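Listed here are the chains, written in short residue letters.
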Amino acid sequence: MFQDNPLLAQLKQQIHDSKEHVEGVVKGTDKAYGFLECDKKSYFLAPPAMKKVMHGDKIKATIEKQGDKEQAEPYELIEPMLTRFIAKVRFNKDNKLQVLVDHPNINQPIGAQQAKSVKEELQEGDWVVANLKTHPLRDDRFFYATINQFICRADDELAPWWVTLARHEQSRHPVQGAESYEMLDQQTREDLTALHFVTIDSESTLDMDDALYIEPIEQNGTQTGWRLVVAIADPTAYIALDSQIEKDAKQRCFTNYLPGFNIPMLPRELSDELCSLMANETRPALVCYIETDLAGNITAKPHFVSAYVQSKAKLAYNKISDYLEQVPDAWQPETPEIAQQIDWLHQFTLARIQWRKTHSLLFKEKPDYSFILDENGKVQEIKAEYRRIANQIVEESMIIANICAAQFLAEHAKTGIFNTHAGFDKKFLENAHNFLMANLANEENQAELAERYSVENLATLKGYCQMRHDIEPIEGDYLEFRLRRYLTFAEFKSELAPHFGLGLEGYATWTSPIRKYSDMVNHRLIKAVLTQQACEKPQDEVLARLQEARRQNRLVERDIADWLYCRYLADKVAEGAEFTAEVRDVSRGGLRLELLENGASLFVPASTLHPNKDEMQVNADELALYIQGERRYKIGDLVKVKLTEVREETRSIIGQLII
């Protein structure tokens with residue numbers, strides 16, 4: 001009788017309206033209670049309230065007051081934490097199907113049902129994709145999910161790969177190929193098979209998309225410069241714009257290079273065979289002639305042609321580096337022609353490195369970390385690999401080729417897909433100026449640096465490069481890491497714009513069309529110019545997809561690496577292994593470090609740094625941790641650390657500083 005009483009309902013509504021209302025995000029704990037984090041305040045969520053919500057939910061709540069204590073009572077869901085999610089299968093004591101969300105802050109099991117499309121017989125611990133079907137604040141029911149995809153069994157050694165790819169909605173399979181491939185391009189191709197092109201790559205690489213040939217330019221018997229000829233594989237010669245391969249490549253955007261194997265953007269018979277610039281095989285290619293003086297300055301406009309080329313040798317990075325670095329008993333070139341190409345490419349590369357050091361920006365030398373796996377996917381070791389001279393030969397050749405492509409596309413096509421970077425985010429320019437002045441200025445140079453690092457100057461490519469050259473000789477990574485937080489993200493654009501990160505006026509990649517969809521687009525535009533066809537501006541949707549796919553690929557690579565690091569380092573805890581590490585982030589919770597030996601990310605809780613948290617403060621401007629008023633740790637610092645715990649289920653590595 002009271003259920004439908006309008007007066008009672010009105011009274012309840014009045015009581016509800018009279019209370020304080022807040023919006024916030026739920027923060028779970030490893031206990032039954034949690035907190036509602038609002039803009040300026042945090043409210044307690046009692047265990048009964050936590051049963052209605054999930055960590056990460058954005059909700060509305062009323063504030064209940066009992067004396068001096070306040071706690072939040074959820075009443076409306078704004079945005080759920082879970083929609084589609086990764087989970088492990090579990091069966092409760094009544095053998096009812098449940099899922100455990102793969103998230104470090106969500107530990108309550110959720111009842112589940114198996115979709116009819118999932119044919120596998122589910123077992124305890126299986127990895128699956130689920131979708132949240134009901135939510136207590138939305139459906140006036142309990143949490144309930146539907147299992148829509150089976151990923152792999154609990155004991156699958158390749159679970160880190162399959163689970164991570166499923167999390168980011170990326171396929172584990174190559175693009176489906178065609179029954180046969182025909183040459184679609186009708187333009188005449190120059191025959192450049194007589195030129196002594198060589199490829200330089202890893203020994204195991206199959207998808208070789210670039211080959212190089214170089215010769216000196218001479219006048220009156222004196223060398224005045226270099227003519228570099230860059231040949232790039234031409235997959236668009238075989239791929240129709242309306243084909244399924246094109247559509248799939250447009251969606252994937254990149255080849256996914258993962259520890260142990262890759263998932264190509266194109267069918268393997270194209271990327272690894274028909275288009276790959278294999279030794280002694282004639283292949284269609286897009287070729288660019290580039291001329292420089294001996295100092296590395298580009299002296300003529302780039303000249304592009306469609307051609308047939310033939311690589312005369314497949315060369316390996318390490319073997320060439322050993323040869324040029326005169327390592328004892330090193331590999332030797334098989335022929336005088338190969339030796340000559342290596343020697344000339346080496347000279348050209350040293351000139352270009354010096355040119356970029358003076359006129360643009362060089363990459364800071366940091367190692368790449370490579371996982372060495374056995375056939376079952378177990379990590380045998382992790383190698384820190386530094387770029388050697390052979391890597392730099394290819395790198396400098398590709399960079400100058402991409403500079404030339406940007407120049408050519410801007411002039412002739414009036415569009416393209418350009419890699420751009422605007423330097424400091426506009427809203428952080430003032431912060432960057434203040435930081436530079438605080439760290440580099442003194443009484444003698446105050447006025448000079450105030451102009452040098454003015455907001456207006458830092459917003460220009462020249463001023464930004466000048467600043468980077470100033471800080472390059474300074475020892476340590478503190479300035480580099482701190483300034484990095486003020487930078488904007490790199491973007492793909494359809495008009496020419498500077499790339500501050502490289503220190504260049506324009507940059508457009510076309511040198512990896514087997515691996516990057518943007519390079520396929522630029523190939524088509526360059527060929528359209530050569531054949532006097534109309535040049536169509538790349539659609540905004542394509543640029544947005546490239547941006548998102550690049551972000552996804554980086555997350556996939558990071559997530560798999562985090563999982564493999566946990567597996568590799570798990571038995572190092574008992575050994576008491578010690579490492580040198582670099583501070584990469586500072587927060588109230590503690591320090592985030594990177595182990596220099598292998599690149600693993602490790603967390604040191606603040607509670608292990610000092611017993612009294614009230615005596616610890618984080619300086620957000622400096623990204624530094626102060627203890628009792630003294631700056632004790634900042635980003636870029638090198639510290640000694642030992643492992644204390646590895647949790648594979650949350651992919652987290654915990655450590656403690658050795659002081």
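Going by the annotation in an unreviewed UniProt entry, the name recorded for the protein is Exoribonuclease 2, with Haemophilus pittmaniae given as the source organism. The Function (unreviewed entry) comment attached to the protein in UniProt states, word for word, "Involved in mRNA degradation. Hydrolyzes single-stranded polyribonucleotides processively in the 3' to 5' direction." One UniProt comment on the protein, placed under Sequence similarities (unreviewed entry), says "Belongs to the RNR ribonuclease family. RNase II subfamily."

J.: Any details on the side chain of H55? Residues and values, ideally.
T.: On the secondary structure map, H55 appears in the loop between α2 (47–50) and β4 (58–66). We classify H55 as buried; its relative accessible area is 15%. Engagement of the side chain of H55 in a polar contact is seen with the backbone nitrogen of G28, the distance being 2.9 Å. Excluding its chain neighbours within four sequence positions, the residues that come into contact with H55 are V26, K27, G28, M81, H103, N105 and I106.

J.: Can you break down the pairing of strand β9 (residues 127–134) residue by residue, with the values?
T.: With respect to burial, β9 is a largely interior element, six of its eight residues being buried. In this structure, strand β6 (residues 84–91) lies alongside β9, joined through five bridges in antiparallel fashion. Bridging across to β9, R84 finds its partner in N131. The sheet contact formed by β9 and strand β10 (residues 144–152) spans seven bridges and is antiparallel. Following the sheet pairing, W127 is matched in β10 by C152.

J.: Summarise the UniProt feature "domain: TRAM" (unreviewed entry) in the protein; cite the residues concerned and give the values.
T.: Here, UniProt's "domain: TRAM" (unreviewed entry) annotation points to residues 572–659. Between the end C-alpha atoms of residues 572–659 there is a gap of 20 Å, over a span that is 5% helix and 57% strand.

J.: For the sheet that holds strand β27 (residues 624–627), give the residues involved together with the corresponding values.
T.: Pairing is antiparallel across the open sheet formed by three strands, whose spatial order is β26-β27-β28. At either margin of the open sheet sits one strand with a lone partner, and together these are β26 (616–619) and β28 (630–634). Going from strand to strand, the sheet's axes swing by 30 degrees on average, the running direction of each strand aside. Here four bridges tie β26 to β27, and the two strands are oriented antiparallel to one another. The partner of Q617 across the bridge, within β27, is Y626.

J.: Explain the UniProt feature "domain: S1 motif" (unreviewed entry) in the protein to me, using residue names and the numbers behind them.
T.: Feature annotation in UniProt places "domain: S1 motif" (unreviewed entry) on residues 576–659, given in this structure's numbering. Helix makes up 0% of residues 576–659 and strand 60%. Its end C-alpha atoms lie 15 Å apart.

J.: Describe helix α9 (residues 389–413), listing the residues and the values that go with them.
T.: Between its first and last C-alpha atoms α9 spans 35 Å; for 25 residues at 1.5 Å apiece the expected length is 36 Å, and the two agree. With 20 of 25 residues buried, α9 is to be regarded as a mostly interior element. In the stretch just after α9, K414 is the one whose phi turns positive, near 65 degrees.

Reading the values: the criteria
Residues numbered from 1 in each chain as written. Predicted model: local features only at pLDDT ≥ 70, side-chain atom pairs only at ≥ 80, totals over all residues. Heavy atoms only, no water. UniProt positions renumbered as here; feature names shortened; annotations may be inferred. Helix = DSSP H or I, 4+ residues; strand = E, 2+ residues; numbered from the N terminus. Buried < 20%, exposed > 50% of the residue type's maximum accessible area, 1.4 Å probe, protein only. Polar contact = N/O pair within 3.5 Å; in protein donor to acceptor, adjacent residues only side chain to side chain. Contact = heavy atoms within 4.5 Å. Pairing = 2+ DSSP bridges. Axes fitted to C-alpha atoms, helices over the stretch in contact; angles between N-to-C directions. Expected span 1.5 Å × (residues − 1).

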